[in-house]
Amino acid sequence: MYWYSIKTMIGRELLIAARYPAEVLNPLVFFLMVVTLFPLGISPEPEFLAKIAGPVIWIAALLAMMLSLDSLFKNDFDDGSLAQLLITPSPLAVLILVKVLTHWFTTVFPIILLAPLLGAMLQLPAEGYRALLLTLLLGTPIISLIGAIGAALTVGLHRGGVLLSLIVLPLFIPILVFGTGAIEAATLAMQYNGQLAMLSAMLLIALLVTPIATAAALKISINN
Amino acid sequence: MPQALLRAENLRFEYDDLLLFEQLSFSVMPGEVVYIEGPNGSGKTTLLKILSGLIDPIEGQVYWQDKPINRGARTYQQAMLYQGHQSGIKDSLSARENLKWLMSLKGLRDVGQIEEALAASNLAGFEDIPCGHLSAGQKRRVGLARLLINDDNHQTAEKLWILDEPFTAIDKSGVAALEATINKHAQRGGMVMITTHQEMQLTVPTQRIVLG
C-alpha cells in the first residue's frame, strides 16, 4: 500500500516539474551565469582559473539550490495539498523524503550534469573532474535535505526566502569545505577518500534524520 | 444505543489572546450530520482543523473510538476526510491526476472510480484538463468528487467527512447533488462535520454547534 503512495508521489512531482519548466530552468541558468561571471570579473588567466574552478562551481551550485529551495513546499502550502499530505495515514516522513529527492533530481541533477562543462571552461585540471562530480553527487542531496527543514519552517511566511538563507546557509559550510577540499586534493594528485567518506556519512545521517525534522517543521508551520 | 465515534472534550483555542472557544465538548453518533455555526471569525475553520488533527487545541482532546486522535493517528486518518478552504487541488495537474494523488495518500488505487466520480460531478470531458483552466466552481467540484470515491470504495460506514464551506462557488444543481451525497453518506452510518451558511434539506439526524 505504501509503495503505491510513494510511486504516485514521485510521478506527481515529476509531472509538476515538467509542467513548470521554469522551476527547473531558472536555477540552471543562474548557475551557468554566475560561473561565467568569474573569468569575466576577476581574470581569464588559465592558472588562476584552474585554482578557483572547484570552489566557484561549488558555490554557484549552492546558491542556485538556494533559489529553488524556497519553492519546495510553497505551492503545496498555498493550494492546500500540504494539509492533505500532513493528515495522510501513509508514513509522512517517507513521502517527504521522496518529495525532497525528486525535487533534487529535477532541479539539481541538471546542474551536476552541466558542471564538467563549466569545469572545462574554468580550466579545471583533468584530475579534478572525478572529484567534482563525486562531491556534487554526495554533497548536493545533503543540501536539499537540510534546506528542506528551513523551507518547511519558513513556508508560511511571506518573503521567507531571506530568512531561509539565513537559517540554512551556515549549515552548508562543512559540506562546502569537504567538497572543495576533495577537489583541491584531487588536482594536487592527493588522496581524497577522507572527504568523500565524510560527505557520505553526512548524507546517510541527513537521509535518516532530516525527513522527520522536516515533517515536524511542516506541522509547526501549518499550525500558525 | 450506538456509541459515539467522535468525541471532543473541553476544547479551548485562542489566537494571540483572542479566545475563540473554551469548554467545548460534543460527541458525534454514526449517521449524524453536525453543523458548525457562528459568525465570521468565530473559529469554525479552526475547530475543523483541530478535528482533522492539523492543529492541536490549547486544551482538551479529540477522541476517535475512545482513543485520542493524535495517538494511533493512522486509524483516524484512514477514516477521516478533510476538505478545507483550499481544496488541495493543484492547478498544474488535471482532475484525474489530482484525485489519483489524493487517493494514493489513503492507500487507494484508481480502478475506474475517478472516472465515475468525475462524471457524477458533472465534470465528464474535463478529466484531463489542468485544473488551473477550470472555473472556481468546477475546481471545487473536483475536490468534492473525492466524497464520491470514498463512498463506493469503503465498506466501512464509519467514515467522517470534515467539510469547510463546501458550497462555495457551487451552482444550484451542485448544491442539490452534494446534499444528496451527504444524506446518503449519513444513512449508511457516516458522519459529516460541516460549516456552511446554506440550509440543507437533510433527512438524517443533525446537531448544531454554535460558536462565538
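Up top is the structure these notes are about.
The structure contained in this document is the topic of the report that follows.

Procedures and definitions
Residues numbered from 1 in each chain as written. Chains lettered and ligands numbered in written order. Predicted model: local features only at pLDDT ≥ 70, side-chain atom pairs only at ≥ 80, totals over all residues. Heavy atoms only, no water. Axes fitted to C-alpha atoms, helices over the stretch in contact; angles between N-to-C directions. Helix = DSSP H or I, 4+ residues; strand = E, 2+ residues; numbered from the N terminus. Parallel < 35°, antiparallel > 145°, perpendicular 65-115°, else oblique. Left-handed = near helix turned anticlockwise from the far one by under 90°. Contact = heavy atoms within 4.5 Å. Nonpolar A, V, L, I, M, F, W, Y, C, P; charged D, E, K, R; others polar. Pairing = 2+ DSSP bridges. Buried < 20%, exposed > 50% of the residue type's maximum accessible area, 1.4 Å probe, protein only. Buried area = accessible area lost by both parts, 1.4 Å probe. Salt bridge = Lys/Arg side-chain N within 4 Å of Asp/Glu carboxyl O.

## Topic: the packing of helix α2 (residues 21–41) of chain A against helix α7 (residues 109–121) of chain A
Residue and element names in this part refer to chain A. Running from N to C, α2 and α7 cross one another at 15 degrees; their axes reach a closest spacing of 11 Å. For the element pair α2 / α7, the angle class is roughly parallel. When the axes of α2 and α7 are compared, the crossing they make is right-handed. Where α2 approaches α7, its residues Val24, Pro27, Leu28, Phe31, Leu32, Val35, Thr36 and Pro39 are matched on the opposing element by Pro110, Ile111, Leu114, Ala115, Leu118 and Met121. Here the residues of the contact of α2 with α7 sort into 13 nonpolar, one polar and no charged.

## Details of the sheet that holds strand β7 (residues 160–164) of chain B
All names here are of chain B. Read across the open sheet, the five strands follow the order β6-β7-β8-β3-β9; overall the sheet is parallel. This sheet does not close on itself; its edge strands, each paired only once, are β6 (80–83) and β9 (206–210). Across the sheet, the mean angle from the axis of one strand to that of its neighbour is 15 degrees, orientation sign disregarded. Looking at chain direction, strand β3 (residues 33–37) and β9 are connected through five bridges and run parallel. Each residue of the ladder has a partner; that of Tyr35, found in β9, is Arg208. Along the sheet face, helix α1 (residues 44–52) touches β3, β6, β7 and β8 (191–195) and points at about 150 degrees away from the line of β7.

## Here's the deal with unusual backbone geometry
One non-glycine residue, Gln123 of chain A, lies in positive phi territory at about 60 degrees. If you check the backbone angles, Asp66 of chain B has positive phi at about 65 degrees while not being a glycine. Note that Asp66 of chain B resides in the loop between β4 (59–64) and β5 (67–68). The class for Asp66 of chain B is partly exposed, based on a relative accessible area of 43%.

## Side note on the sheet that holds strand β1 (residues 6–15) of chain B
Residues and elements named next belong to chain B. The strand order across the open sheet formed by four strands is β2-β1-β4-β5, and the pairing between neighbours is antiparallel. Lying at the two open borders of the sheet, with one neighbouring strand each, are β2 (18–28) and β5. As defined by bridge partners, β1 adjoins β2 across seven bridges and the pair is classed as antiparallel. Across the sheet, the residue bridging to Leu11 is Leu24, located in β2.

## So, the interface of chain A and chain B
The interface is formed by 29 residues belonging to chain A together with 30 residues belonging to chain B. Here chain A packs against chain B, burying approximately 2700 Å² in sum over the two surfaces, 59% of which is carbon and sulfur. On the chain A side of the contact with chain B, Tyr4, Gln84 and Ile87 of chain A bury the most area, a combined 27% of that side's loss. Inspection of the region where chain A meets chain B yields three salt bridges.

Taken by themselves, the reported measurements are silent on function.
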